[in-house]
Amino acid sequence: MPVTEDGTAVWNLIRSCEPLDENSLYCNLLQCDHFADTCVVAERDDGEVLGWISGYLMPDDPSTLFVWQVAVDARAQGQGVAKRMLNALLERDCCDQVDTIKTTITRDNDASWALFRSFARSQGAKLSDEPYFRKEEHFDGEHATEHMVTISLMNAARSAA
């Protein structure tokens, strides 16, 4: 679970992980503080932050976890860090009632698609997607369409994971 002192390291990690959108340092500090229950940091033994997940329980549906960002340092990519962080997050008490994970991904973000498809498979879960925030309608043509990805978790698969 992050602490406020992780905010700067999280901010720097996100800045190094293209194509992630950069938020303000203040935003990341708030995530590490107000949303610590649904955020994850992965650290080396020396405390260096190598991974980050920000998320929150949907205000109108606490059985849905929205994953805002996933960032893994280039030196730790391909080692299953992101999937382990997702699993660790789902094991927290605050996620006891979570039966759905949602996130948005642009079509060209191959790493995120691979992560969430692999995660869904490992959970025995169904993954679906549909355009959500559209390039022209929501981003004035300045950003690719974000697809809402939904992973419907099966309780049996979660218990076995």
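Along each chain, residues carry numbers from 1 onward, in the same order as the chain's sequence is written. Note on the predicted model: pLDDT of at least 70 is required for a residue's local features to be given, and 80 or more for side-chain atom pairs to be given and counted; whole-chain, interface and lining totals, by contrast, use all residues. With hydrogens and water excluded, all non-hydrogen atoms of the structure serve as input to the side-chain values.

(A) Highlighting the overall build of the protein. Looking only at helices and strands, the protein features 6 helices and 6 strands. A helix here means a DSSP run of H or I that spans at least four residues, while a strand means a run of E at least two residues long, and both kinds are numbered starting from the N terminus. Starting at the N terminus, the α and β elements of the protein follow one another as α-α-β-β-β-α-β-α-β-α-β-α. Along the three orthogonal principal directions, the C-alpha set of the protein runs to about 45 × 35 × 30 Å. The cut-offs for exposure are 20% and 50% of the maximum accessible area for each residue type, with area from a 1.4 Å probe on protein chains only; residues under the lower value are buried, those over the upper are exposed, and the others partly exposed. Across the 161 residues that make up the protein, the buried fraction comes to 43%. Contact definition: two residues touch when any of their heavy atoms are within 4.5 Å. In the protein, the share of contacts with a sequence separation of at least 24, taken over all contacts with a separation of at least 6, comes to 58%. For every accessible area listed, the method is Shrake-Rupley and the probe measures 1.4 Å; residues are considered covered only by the protein chains on display. By element, 48% of the accessible surface of the protein is carried by carbon and sulfur atoms, the whole surface being about 8,900 Å². Within the protein, one finds 14 positive and 27 negative side-chain charges whose respective centroids are separated by 8 Å. Lys and Arg are tallied as positive, Asp and Glu as negative. Neither His nor the chain termini are counted. Charge positions are represented by NZ for Lys, CZ for Arg, CG for Asp and CD for Glu.

(B) Layout of the side chain of T104. Mapped onto the elements, T104 comes out in strand β4 (residues 100-106). As used in this structure description, the phrase polar contact means that two N or O atoms lie within 3.5 Å; if the pair is within protein, one of them must be able to donate a hydrogen and the other to accept it, and residues adjacent in sequence are counted only when both atoms belong to side chains. Side chain to side chain, T104 and E146 meet in a polar contact 3.2 Å long. Residue contacts for T104: discarding those within four places in its chain leaves F66, Y132, E146, H147 and M148.

(C) The packing of helix α3 (residues 81-90) against helix α4 (residues 110-123), seen in detail. Axis definition: a line fit to C-alpha positions, over the contact stretch in the case of helices; interaxial angles, taken between N-to-C directions, run 0 to 180 degrees. Contact geometry of α3 with α4 gives a least axis separation of 10 Å together with a crossing angle of 50 degrees. Judged by the inter-axis angle, α3 sits oblique to α4. Pair α3 / α4 crosses with right-handed handedness. Counting all contacts with α3, which are made through A82, K83, L86, N87 and L90, the residues of α4 involved are L115, F116, S118, F119, S122 and Q123. Taken together, the residues of the contact of α3 with α4 sort by class into 6 nonpolar, 4 polar and 1 charged. For classification purposes, angles smaller than 35 degrees are called roughly parallel, those larger than 145 roughly antiparallel, those between 65 and 115 roughly perpendicular, and all remaining angles oblique. Helix crossings fall into two classes, left-handed where the near helix is turned counterclockwise from the far one by less than a right angle and right-handed where it is turned clockwise. Here the term charged refers only to Asp, Glu, Lys and Arg, the term nonpolar to Ala, Val, Leu, Ile, Met, Phe, Trp, Tyr, Cys and Pro, and the term polar to all other amino acids, Gly among them.

(D) Quick peek at the pattern of salt bridges. Salt bridge, as applied in this entry: a Lys or Arg side-chain nitrogen positioned within 4 Å of an Asp or Glu carboxyl oxygen. Considering all chains together, one arrives at 6 salt bridges under this definition. Across the salt bridge formed by E48 and R75, the nearest N and O atoms sit 2.5 Å from each other. Of the two residues, E48 sits in the loop between β1 (40-43) and β2 (49-58) while R75 sits in the loop between β3 (61-72) and α3, which places them 27 residues apart along the sequence. Judged by relative accessible area, E48 falls into the partly exposed class, the value being 28%. Residues participating in the shared-partner salt-bridge network are R44, D46, E48, D73 and R75.

(E) Local environment of the confidence of the model for the protein. Confidence in the prediction for the protein averages 93 pLDDT; 96% of positions are at 70 or higher. Residue range residues 156-161 is modelled with pLDDT below 50. Its contacts to residues more than four positions away, or to other chains, number 9 contacts. pLDDT measures how confident the predictor is about each residue, on a scale from 0 to 100.

(F) How the structure looks around the packing of aromatic side chains. Any pair of Phe, Tyr and Trp rings, taking the six-membered ring for Trp, is counted once the centres come within 6.5 Å. Such a pair is stacked with planes under 30 degrees apart, edge-to-face with planes over 60 apart, and tilted for the rest. The final tally for this structure, using the stated rule, is 3 aromatic pairs. Where F133 meets F139, the ring centres are 6.4 Å apart and the plane angle is 70 degrees; that geometry is what we call edge-to-face. Taking the relative accessible area as the measure of exposure, F133 reaches 36% and is therefore partly exposed. Only Lys NZ and Arg CZ are tested; either one counts as a charge over a ring when it is within 6 Å of the ring centre and within 35 degrees of the ring normal. Here R15 stacks its cationic end above the ring of W11, 4.2 Å away from the centre of that ring.

(G) Quick look at the environment of V40. Along the chain, V40 turns up in strand β1. A residue is classified by how much of its surface remains accessible, and V40, at 5% relative accessible area, is buried. Once residues lying within four places of it in the same chain are set aside, the contact partners of V40 are P2, G51, W52, I53, M85, L89 and R92.

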